[in-house]
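# Understanding the architecture of this molecule
In case you want the letters, here they are:
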Amino acid sequence: MTTRPACVDLFCGSGGLSEGLKLAGFLPIFAIDFDKNATATYAKNHPETVVITKDIAALDPGEIIDAAKAIEIDLLAGGPSCQGYSTHGKRKAEDPRNFLFEHFIRIAKALRPKWILIENVQGLLTYNQGYFKNVILTKLQALGYHANARILCAADYGVPQFRRRIFFLATRMDVAISFPAPTHSENEKEGLLPYVTVGDALGDLPSLSKSINSSKNGYASKPKGDYQNYVRAGSSFLSLHDARKLSTQAMSIASHVKEGSGLRSVPVDFLPERFKKMRRISDGSLRKDCTTLYYRLSRNHPAYTITCNFRNIASGPFLHPLENRSLSYREAARLMSFQDSYEFIGSSLARQIGNAVPPLMAKAVGEHIIKLLNSKPHREFESYLATTALTENFECPATLRKIA
C-alpha cells in the first residue's frame, strides 16, 4: 500500500534517472538494463526496487506487472541507447541501437502508464531533419497519447554541467503537456538561482597532486554552500576519489593549458606535430574555432557535458581546474549531481557515470510530472481517442489498479 506515484525505469543504467525521480517523490518499482555492472550499482542504491539484468528485447511486460503487485504505473521512464545518432559518435541511421525505443513502445502499449518519459541525446532532434524525433512522437500518438519534446539543459536545474538532452513527455490523460521552468540561470535572472559551478561542486574535495590513487579519504573542508551540503548528505567519507596518471605527452600539454581554456591556449612550439596540424586551416593560419580537447575546466562556470571518456583529457573538457590530471570518478559523479553516498560498484565506472541522467535534472522533471499528475481535470484523453481510427483496447489492465 503506497501513496507515492509508481514508476518503471527501462534502460536504467546505474540509476541516475530513478534517483532523481525518487528525490521528486516517485517510487521506482521495477528497473531493467543489460549491463550487469550498471544493474549491480542500481540494486545497491535502490534496494526497494525489483532490478533485472536482461536485454529488453527479451522482457515480457508480465514481469513488470508481477513486480507492480497491483499498483498502477503512473510513469514509464527510460533512456534508450542513443549512440547511432549521438553528436559525439559516428552517426549511422541503420545502427540497431537507434530502434531500441521500439521495445519501449511495446512495453508502454502493454502497461498503459499515465505518463511516459523518454530521455535522449539532443542529436536525435536534428539528425536527418528530426526523423527519429518524429517517429517517436508518431508512435506515442498511435498508442493514444498526446506527446511533446523539448531540449533541457541540466545547468538550468542546479546541475553543475552544461548537459543538454531531449526529453519526451507523453500522457493518456486530458492534461496539457508542459516542461519544468528553469530554477537556475547564468545571469541570475530575477527569481532564479545562479548556476552551480565546478568550484561550487568540487571545492571541498582534497587535492590529488601528491597521490592520485586514494580510494577512500576525508574531505578537505567543511561543506560550503547548498550544493556541497546536498552532495555530502548522509556521507562521512569520500570514495572513488582517484584519477588517472597522465602520459608524458599529455602532461606536457596540460602544463600549458590555462583554467577555462583548451588546446588553443597552448603555444604552438609546445605542441606535438599532429596537434600543430590541427591548429591550422588550409591557408596555413591558426584555427579560430574553439576546441575542447585538453580543456581545463573553470571553477567559475558549470562543466561541459561529462561523457564516459572523462578519464581521458585528450578526448574532451576533462582536465581538472587546478591540477594536471583527469577528473576523479567522484568528481565526475558530483558534476552529474550524484550524492557522495551513491555507491558505484563493479567495473566500467566511467561508463556508468557518464551515461547516467543527472539526478537533479531528473528530479526537476519528476516534480513537474507529479504536479501534472495532481492537476485537475485528470481524465482519459477521450477527445484524442474519439478522433482516431485506432481499434486497440486502451483500458488499463485490471492487474494494475491503484491500491487506495
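Each remark here, short or long, concerns the structure printed above.
Below you will find a few notes about this structure. (Residues numbered from 1 in each chain as written. Predicted model: local features only at pLDDT ≥ 70, side-chain atom pairs only at ≥ 80, totals over all residues. Heavy atoms only, no water.)

With mixed pairing, seven strands are arranged side by side in an open sheet as 3-2-1-4-5-7-6. With one partner strand each, in any of the chains shown, strand 3 (50-53) and strand 6 (146-153) form the two edges of the open sheet. Averaged over all neighbouring strand pairs, the angle between strand axes comes to 15°, with direction disregarded. Taken strand by strand, helix 2 (residues 36-45) contacts strand 1 (6-10), strand 2 (27-33) and strand 3, and its axis lies near 170° from that of strand 3. (Pairing = 2+ DSSP bridges. Helix = DSSP H or I, 4+ residues; strand = E, 2+ residues; numbered from the N terminus. Axes fitted to C-alpha atoms, helices over the stretch in contact; angles between N-to-C directions. Contact = heavy atoms within 4.5 Å.)

Moving on, we come to the packing of helix 4 (residues 101-111) against helix 6 (residues 131-142). Between helix 4 and helix 6, whose axes approach to 11 Å, the crossing angle comes to 15°. One finds that helix 4 runs roughly parallel with respect to helix 6. The chirality of how helix 4 crosses helix 6 is right-handed. For the pair helix 4 and helix 6, contact is made by Phe101, Glu102 and Ile105 and by Phe132, Val135, Ile136, Lys139 and Leu140, respectively. When grouped by side-chain class, the residues that make up the contact of helix 4 with helix 6 number six nonpolar, no polar and two charged. (Parallel < 35°, antiparallel > 145°, perpendicular 65-115°, else oblique. Left-handed = near helix turned anticlockwise from the far one by under 90°. Nonpolar A, V, L, I, M, F, W, Y, C, P; charged D, E, K, R; others polar.)

Assignment of secondary structure puts lysine 44 in helix 2. Between the alpha carbons of lysine 44 and glutamate 343 there is a distance of 7.2 Å; along the sequence they are 299 residues apart. Not counting residues within four places of it along the chain, the set of residues in contact with lysine 44 comprises Glu343 and Ile345.

Okay, the packing of aromatic side chains next. For the coordinates displayed, the defined rule picks out eight aromatic pairs. Seen in terms of ring centroids, tyrosine 227 and tyrosine 230 are 5.8 Å apart; in terms of plane orientation they differ by 55°. Their pairing is tilted. Placement of the pair is tyrosine 227 and tyrosine 230 together in helix 8 (residues 225-231), with a separation of three residues, close to one helical turn. In this structure tyrosine 230 comes out as buried when scored by relative accessible area, which is 18%. Summarising the aromatic geometry, the rings of phenylalanine 338 and phenylalanine 344 are spaced 5.0 Å apart at their centres and angled 80° between planes, so their arrangement reads as edge-to-face. Among the residues examined, phenylalanine 338 registers a relative accessible area of 1% and is labelled buried. (Phe/Tyr/Trp six-rings, centres within 6.5 Å; stacked < 30°, edge-to-face > 60°. Buried < 20%, exposed > 50% of the residue type's maximum accessible area, 1.4 Å probe, protein only.)

We now examine the side chain of histidine 146. Position of histidine 146 relative to the elements: it lies in strand 6. Reaching out from histidine 146, the side chain makes a polar contact with the backbone oxygen of methionine 173 at a distance of 2.9 Å. (Polar contact = N/O pair within 3.5 Å; in protein donor to acceptor, adjacent residues only side chain to side chain.)

Fair warning: the whole summary comes from geometry, so function is off the table for now.
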